[in-house]
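Descriptive analysis of the structure
Listed below, chain by chain, are the residues.
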Amino acid sequence: MLLVAAAHAAEPLPALHADAGTFTVSGLSSGGYMAVQVHVAHSTRVKGVAALAAGPYNCAQGSLWTARSNCQSSPVPPIQLLHQQTRLLEGTGQIDPTAHLASAKVWLFSGTNDKTVVPAVVAALKDYYVSFKADPVLVADKPAGHAMVTEEIGNPCSSTAAPYINDCDYDAAGALLRHLVGELAPPGAAGRLISFDQKPYAASGMADEAFAYVPKACEMERCRVHVAFHGCRQSAREFAEGAGYNRWAASNRLVVLYPQARSSFWPFNPRGCWDWWGYTGPQYATKQAPQVRAVLAMVERLSASSPTR
């Protein structure tokens, strides 16, 4: 029995000697909020962020009530207040210097039929970045519901239903990657999606298993890293298989890390969201946030050298 269990044990996250001195992030819904938190906390290293159906950094103010009442519908907390709070976190060293935000690549998306995180909330995220002199791109003209938007995979475009992947005749993954990392070679298929044991990195609210897409070229060559966060009520596997990143990663030497959150009633997170309101503690949006630290540890693992290299 022990031998059978060992045979099915999850593999460790591979050490790929990836070029992760700087990297990019993106996410949907709570994953979009998480991507913004990782960006603001580590803006020295995170050079680009894309957020679909998400609002400003620290929007929830540590409150689930505020998260649900003001950061999914409007009005969000005043941008001036959020800006000042970000500056205070900078002053105490809890996040990187905000001067880096001005030069970051920022890509945002809001569906016109999204009733879960309304367009005004995403517009407020744009205003937040503008307050730090960034120049974000906001795509807000697609009739999408609350979902990751693809060119040809998923539910009808206006839908808001599992697995929250919608066919809107628009390749959001390609568009955001092109904005964050530059011109892309045509899509490819030479690579593999792997599951790995997330337990060595996982913090409160995170699952035992996560995923990574490794292009064939990246098994031998040094590649860039992109971290993609799934949304609430959506697994990392569903996101990894349907969101559309992998075909671009395959031909552009880009390892995509798909961390995974999990549902729980303690801490209270029944929809399996990333922590964007404080269920892991008051530092949830800073460098010391348990989930932020876990993600950075996985990125560091990808950048380590394997014994065979």
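These figures come from a predicted structure and were not determined experimentally.

Scanning all chains against the criterion turns up 4 disulfides. Here cysteine 218 pairs with cysteine 223 through a disulfide, and the sulfurs are 2.1 Å apart. In this structure the cystine formed by cysteine 218 and cysteine 223 twists about its S-S bond by roughly -100°; its chirality is therefore left-handed. Taking relative accessible area as the criterion, cysteine 218 reaches 1% and is therefore assigned buried. Residue classification places cysteine 223 among the buried positions, given a relative accessible area of 2%.

Let us now look at the nonpolar core. Trp107, Tyr129, Met148, Tyr245 and Tyr258 are the most contacted members of the largest nonpolar core, which totals 106 residues. Among residues more than four places away in sequence, those in contact with tyrosine 129 are Val36, His39, Val40, Val49, Leu101, Val106, Ala134 and Pro136.

With that settled, the discussion passes to the side chain of histidine 39. Note on placement: histidine 39 falls in helix H2 (residues 30-41). Classification of histidine 39 by relative accessible area gives buried; the value is 0%. Among residues more than four places away in sequence, those in contact with histidine 39 are Val25, Val46, Val49, Leu101, Ala104 and Tyr129.

With that out of the way, let us pick up the confidence of the model for the protein chain. Of all residues in the protein chain, 96% attain a pLDDT of 70 or more, and the chain-wide mean is 95. Within the protein chain, strand E3 (residues 105-109) carries the highest mean pLDDT (99), whereas helix H1 (residues 2-7) carries the lowest (38). Scored below 50 in pLDDT, residues 1-8 shows 0 contacts in the model against residues more than four places distant or in partner chains.

Rules used in this analysis
Residues numbered from 1 in each chain as written. Predicted model: local features only at pLDDT ≥ 70, side-chain atom pairs only at ≥ 80, totals over all residues. Heavy atoms only, no water. Disulfide = S-S within 2.5 Å. Buried < 20%, exposed > 50% of the residue type's maximum accessible area, 1.4 Å probe, protein only. Core = buried A, V, L, I, M, F, W, Y, C linked by side-chain atoms within 4.5 Å. Contact = heavy atoms within 4.5 Å. Helix = DSSP H or I, 4+ residues; strand = E, 2+ residues; numbered from the N terminus. pLDDT = per-residue confidence, 0-100.

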